[in-house]
Structure formats: C-alpha cells, structure tokens
Amino acid sequence: MSNEIAILGAGMHPWGKWGHNFVQYGVAAARAALSDAGVPWRDVRFVSGGATMRCGYPGYVAGATFAQALGWQGAEVNTSYAACASGSQALAAARNKILAGECEVALVVGADTTPKGFLAPAGGYRPEDPDWVRFYLGITNPTYFALYARRRMDLYGDTLEDFAAVKVKNAAAGSKNPLARYRKCFTPEDVAASAMVADPLRLMDICATSDGGAALIVSSVDYAKRIGKGDAPRVAAISTVTPTFASGVVEMPDIATDSAAAVGIDAHSYRASLPIKAYEEAGIGPEDVNIAEVYDLSTALELDWIEDLQLAPRGEAAQLLRRGDTAIGGRIPVNTSGGLACFGEAVPAQAIAQICELTWQLRGQAGERQVEGAKVGITANQGLFGHGSSVIVKA
Amino acid sequence: MSNKALAPAIEGWHTMGDQPRLIGTRCCDCGTYFFPKQNDYCKNPDCDSSEFEEVELSRSGELWSYTNASYKPPAPFVAADPFEPFAIAAVQLEKEQMTVLGQVAGGIGVEQLKIGMPMELVLETLHETDDEIKVTWKWKPVTA
Ligand SMILES: [Zn+2]
C-alpha cells in the first residue's frame, strides 16, 4: 500500500514516578529507538514531538526541545498537542512528511513528568469553565468512568468480578514487562479489598499518572529496504477523527451531552467512530486483528474499547475476557504491555508506547509477553475535547 | 433553622422555588438545546445560526447511569466536615435529547438507584458561606 511507512526502531524510558525533567525521558527513549533502528541520529531529518502542558515552555515546543537535547543537526521539527492522542498526531505529522517525499527518516517522541499532588482547576468563581463547574459540583475524573462501568453492569450483566479480572490479566502481563511501573501480580481478592472510589470502581480499577517516555524511528519503505529492513513492521493506518455531533455519551469535563433534538441529528458514540477510519485506511477488518493496545483508564473501559474496536459484538467483551480470549495465549490478546493499569498515564507518550509494544510483538521480540504469530495490531486512545486516535500496525 | 438567605451556587443555571428547572438555550434556527447556555454559535454542523432563546429544560428524565463520590473531591468543591459521600446521576431528558449530570439528593445511595428509573430535579444545599446557603440542582428518584 502506498500510504505505509516503516517502523525501524522503538524505544522507551521505564515508567514510574522518577521526578526528573521530562527531556531526560524523551532523550533516553529516542536514543533507545535510534539504537534499535540502527540509524545514525544525523539521518533523522524530522523530529515530531508530543507536547506536554505540565512542564513549562520546553514542553510546548517538545519537538525542538528534544532535537536540541539530542544535538541540533538541522532537522525540521514539529510539536503536536492532542491530549491523549498527542503521540498519534505526532506520528501522523511524520507520516505526512515522509509520504510527501520531504524526508526519509523521522523521530516521533513524547515524554512527561507528572506534577506532585492533585491536578485541580484554578480557584475563584469561573462558571464559564466546564472543568471548574464539575469540580465545584463534586464530579471528578473517576465519576465519568464509573458511569460507563455501571451502564455495562446494568445493560450487559458485567460484574465486579469481570472488572477485577481485567486488572488481574493486565497485572500479569505487566509483571513480564521491565518498562512498566507496576510489575506486581494481583488476585481478584486484592482488587476486591481495595477502597471503593466511585461505585462500582475501586482504587485498583483506576489508573495512576506516571513519568515516562516513548519514541519511534519511522521511515519511507524505500529507505527501510535500502538499509536491509524491508520487512520492518508498517504503520498501515492512523485515525485521528473528531466526534460527530451529537455526542451521546457525557465526556469529561462536560456537565451535559450535546442535544440530539434537531432534525437530521442523531446521537453518536465517539469511541466507536475512531477505529472505523483506521480499518478503512488499512483495508482490513476487525477479524484480521491479532492484538490490541487500548486506553484502559479503568478496567471497565477496556471492555468498552474491545467492543468499540469491533473485536466483540456490543455487550460481549466480558464473555471474551471470561474465556481467556483477551489474555496472552488467548484468541485476541488485549494490553499485552500491561496497559495503563501497569504503566499509568504519561499523556504525550502513551499513544507512542502502545505502538512500541505492537512493534515488538510483530517482530517476535516481546519475550515472555510474546503473542504467537501476531501479524496485525491496533491501538485506541481518547482524550479531552474530541482528541482520539486509533493506529493499525502490520507485520 | 438558619436565617441565611438561599442563593444559587451557580448564578442563572436554574430557577429557584419548589419546582426548579435548569435554564438552557435553544437555537432559534435548528432547535438544538444547550446546557449550559450557548448564545454565540450553534454546534450543529448543519447550522450557522447565532440566534438563541433562553428556555427552561424538562424537570424530569430517565436515569442513564449513576455512581458516587466515596472520597472528598478537591477544591473548588466545598466539603462538609466530616465529608459525607454522595451519589451522582446522569439523567437523560426526552424532549431535549441530552444527558445532564448532577449530584443525587442527600440520603439516597447507589443501592437505591437503577438505570432507567424516573428522576426529577430538586434544589439542595451544595455548601454554606458566612451569609448564604448556596443551593444547586440535584437529581432525585420520582416517588409514586
Ligand atoms: Zn442551530
């Protein structure tokens, strides 16, 4: 396919709560990706960074910040901010540059340092800011994920045991990933014993925020062939579509959904719309997918994503889980990296980290986490204000 | 009883009294509702209207989903001391074809809620200041 690019290298800085400058994580991830690719830094002609909003001006111009830290060598730079989809938009910018013939090799990199303490909105009386309004009324981030989880229970018969099983599954996968922050295995009893945060979600159903970095070296297929890497995994599709009005699911930080009262307007689910373009662009269907990395902000949300990616009919993701289909060794393993459950959120890096995992899986280099014969992988991410992404990687 | 005056926690978002309603706007062209109010541009992709009328939204709807806050939310939430957990509801309004979040009326826990049950709007205290009781909208199961 003419719109494919090659993934030559993948690299990460281990995720945790290190408290260092984000640039250090990005540089470590970039150097790991360069070394994995066997590409000299001076060959990289485009540096595409995912921005961080939490680390001052260097974070707003992350592409330039990383290029300078790695040593200015005249490459062009780009910085993308798209909440949790920042990494995918940075990858899309690199792909455009490569497919336009303007460069052969690009670095895509994102890293973050999370602030200490609670990230709360500014004070005062600011009803024009939806984030201020919802916190004033006592509606926090877990509220939204708990509302979705409760619907699964009432509509599909999902149970607390199912949600705990997602945590147990992802913890088992993460325990085999040296890059993950949490590498401890848990039992269903451990999850059940953790504190209730937002009924039905407990502390262990919800992901933390982390420091971390992830990077990819991508190139034209021609370049990959020239350096003897013609069989490198390919980026086959990148979907970063916005939602379609009217959004029928209440999303953070809003206090209400859109209204679908106008003639010709229907309520839509944003999550479900994201992979549709990805499948079209890759020319494949969900039945071709072997492995998925999805945005498990909560255990129950992983089940929603499995259905949104059409890997199970609506309402049947928990049945896949119960059969062991989504575990390593199952029919369609999900979050073999351990997912956000084991990594925690590092906003500009997480969409890139998902592609790192798929790259290693498709090359057969995932060690104890290896999914036998994985040929096609898909990712899913969703952040604030209509930012989301789904990327398909093919062997 | 306190002799403090009742005042809306957020000015102009709902009517006062014992049959309270949320106040939104409606696009004069396509009929899309907005809560909170939208007066500048219509978000329907097929409509470029900038004319809106203020409307009171339906007082009741169906419970779309629910949860609770087991831990004290951070500021600007003003918590009672000691903190009392509260339930939270998302209620779907039929005519407006939209879902609105809010706390659930005091004393009602998640075990008393079920998706699809009819809910209605009430006003209750959110917190008190030195001279006012700040009230806000909350959702309450409709009792037959
Ligand atoms: Zn309109």
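Note that the structure is predicted; figures quoted are calculated from it, not measured.

Once that is clear, we can look at the overall build of chain A. What chain A contains, in helices and strands, is 14 helices and 11 strands. Computed over C-alpha atoms, the radius of gyration of chain A comes to 20 Å, within 12% of the 21 Å expected from 2.2 N^0.38 for 395 residues, which places it in the range of a compact globule. Evaluated residue by residue, chain A yields a buried proportion of 62% over its 395 residues. Of all intrachain contacts in chain A linking residues separated by at least 6 positions in sequence, the fraction that spans at least 24 positions is 75%. Split by element, the accessible area of chain A, about 14000 Å² in all, is 53% carbon and sulfur. Here chain A holds 34 positive side-chain charges and 41 negative ones, and the gap between their average locations is 6 Å.

This part is about the side chain of Asn3 of chain A. Within the secondary structure layout, Asn3 of chain A lies in the segment before strand E1 (5–16). Beyond its immediate sequence surroundings of up to four residues, Asn3 of chain A is in contact with Arg95, Leu99, Val235, Ala236 and Glu281 of chain A.

Space inside the second largest pocket adds up to approximately 990 Å³. Breaking the lining of the second largest pocket down by element, the ones donating at least two residues are helix H5 (130–136) of chain A together with strand E3 (33–34) of chain B. Classifying every residue of the lining of the second largest pocket by side-chain character gives 22 nonpolar, eight polar and eight charged.

Between chain B and chain A, the residue contacts involve 47 residues of the former and 40 residues of the latter. Together, the buried faces of chain B and chain A total about 3600 Å²; carbon and sulfur atoms form 65% of this surface. Of all residues in chain B, the largest losses of buried area upon contact with chain A belong to Trp64, Pro76 and Leu101 of chain B, amounting jointly to 19% of the total for that side. Between the two partners, chain B and chain A, sit one salt bridge. Across the salt bridge formed by Asp154 of chain A and Lys114 of chain B, the nearest N and O atoms sit 3.6 Å from each other. The tally of links from chain B across to chain A stands at 15 residue pairs in polar contact (both at pLDDT 80 or more). Elements with a contribution of two residues or more to the side of chain B that touches chain A: strand E5 (60–69), strand E6 (86–93), strand E7 (98–104), strand E8 (118–128) and strand E9 (132–141) of chain B.

Glancing now at the coordination of the zinc ion. Residue and element names in this part refer to chain B. Donor atoms from the polypeptide that coordinate the zinc ion comprise Cys27 (SG), Cys30 (SG), Cys42 (SG) and Cys47 (SG), at 2.3 to 2.4 Å from the metal. Angles of 105 to 115° at the metal separate the four donor atoms of the zinc ion, which places the site in the tetrahedral class. Written as a sequence motif, the donor residues of the zinc ion are C-x2-C-x11-C-x4-C. Here Cys27 is found in strand E2 (residues 23–27), whereas its partner Cys42 is found in the loop between E3 and strand E4 (52–56), with 15 residues between them in sequence. Here Cys27 matches Cys42 in class, with each residue buried.

Time to look at the UniProt feature "domain: Beta-ketoacyl synthase-like N-terminal" (unreviewed entry) in chain A. Under the UniProt annotation, the feature "domain: Beta-ketoacyl synthase-like N-terminal" (unreviewed entry) is placed at residues 61–114 of chain A. With 43% helix and 24% strand, the stretch residues 61–114 of chain A has end C-alpha atoms that lie 17 Å from each other.

Next up on the list: the packing of helix H7 (residues 160–174) of chain A against helix H11 (residues 299–308) of chain A. Residue and element names in this part refer to chain A. At a closest axis distance of 7 Å, the pairing of H7 and H11 adopts a crossing angle of 90°. Taken as axis vectors, H7 and H11 run roughly perpendicular relative to one another. Facing H7, whose interface residues are Phe163, Val166, Lys167, Lys169 and Asn170, H11 presents Thr299, Ala300, Glu302 and Leu303.

Okay, the UniProt feature "domain: Thiolase C-terminal" (unreviewed entry) in chain A next. UniProt tags residues 277–393 of chain A as "domain: Thiolase C-terminal" (unreviewed entry). Strand forms 15% of residues 277–393 of chain A and helix 38%; the C-alpha atoms that close the span are 14 Å apart.

All names here are of chain A. Within H11, 10 of the 10 residues are buried, which leaves the element mostly enclosed by the surrounding structure. Those residues of H11 lying buried are Thr299, Ala300, Leu301, Glu302, Leu303, Asp304, Trp305, Ile306, Glu307 and Asp308. One or two positions beyond H11, positive phi appears at Gln310, with a value near 65°.

Under the UniProt annotation, the feature "domain: ChsH2 C-terminal OB-fold" (unreviewed entry) is placed at residues 54–123 of chain B. Between the first and last C-alpha atoms of residues 54–123 of chain B the distance is 20 Å; the span itself is 0% helix and 49% strand.

Let us now look at the packing of aromatic side chains. Residues and elements named next belong to chain A. Counted under the stated rule, the structure contains 12 aromatic pairs over all chains. Arranged with centres 5.3 Å apart and planes meeting at 85°, the rings of Trp15 and Phe343 form a pair that is edge-to-face. Residue Trp15 is located in strand E1, and its partner Phe343 is located in helix H13 (residues 339–343); the two are separated by 328 residues in the primary sequence. Looking at Arg271, its charged tip hangs above the ring of Tyr148, at a distance of 5.2 Å from the centre. When the ring centre of Trp305 is taken as origin, the NZ or CZ atom of Arg271, which lies over that ring, is 6.0 Å away.

Our focus in this paragraph is the sheet that holds E2 of chain B. Residue and element names in this part refer to chain B. The sheet built from three strands is open, its strands ordered E3-E2-E4 with antiparallel pairing. Of all the strands in the sheet, the pair left with one neighbour each is E3 and E4. Here E2 runs beside E4; their pairing, made up of five bridges, is antiparallel. In the strand pairing of E4, Ile23 is matched with Glu56.

Rules behind the numbers
- Residues numbered from 1 in each chain as written.
- Chains lettered and ligands numbered in written order.
- Predicted model: local features only at pLDDT ≥ 70, side-chain atom pairs only at ≥ 80, totals over all residues.
- Heavy atoms only, no water.
- Helix = DSSP H or I, 4+ residues; strand = E, 2+ residues; numbered from the N terminus.
- Rg over C-alpha atoms; globule rule 2.2 N^0.38 Å.
- Buried < 20%, exposed > 50% of the residue type's maximum accessible area, 1.4 Å probe, protein only.
- Contact = heavy atoms within 4.5 Å.
- Areas by Shrake-Rupley, 256 points an atom, 1.4 Å probe, with all protein chains shown as cover.
- Lys, Arg positive; Asp, Glu negative; His and termini not counted.
- Charge placed at Lys NZ, Arg CZ, Asp CG, Glu CD.
- 1 Å grid on protein atoms, 1.4 Å probe; cavity = no way out; pocket = protein on both sides within 12 Å on 5 of 7 lines; lining within 4 Å.
- Points joined across faces, edges and corners; volume = space filled by probe spheres on them.
- Nonpolar A, V, L, I, M, F, W, Y, C, P; charged D, E, K, R; others polar.
- Buried area = accessible area lost by both parts, 1.4 Å probe.
- Salt bridge = Lys/Arg side-chain N within 4 Å of Asp/Glu carboxyl O.
- Polar contact = N/O pair within 3.5 Å; in protein donor to acceptor, adjacent residues only side chain to side chain.
- Donors = N, O, S within 2.8 Å, 3.2 Å for Na, K, Ca; no water.
- Tetrahedral: all angles 85-135°; square planar, octahedral: opposite > 155°, others 65-115°.
- UniProt positions renumbered as here; feature names shortened; annotations may be inferred.
- Axes fitted to C-alpha atoms, helices over the stretch in contact; angles between N-to-C directions.
- Parallel < 35°, antiparallel > 145°, perpendicular 65-115°, else oblique.
- Phe/Tyr/Trp six-rings, centres within 6.5 Å; stacked < 30°, edge-to-face > 60°.
- Lys NZ or Arg CZ within 6 Å of the ring centre and 35° of its normal.
- Pairing = 2+ DSSP bridges.

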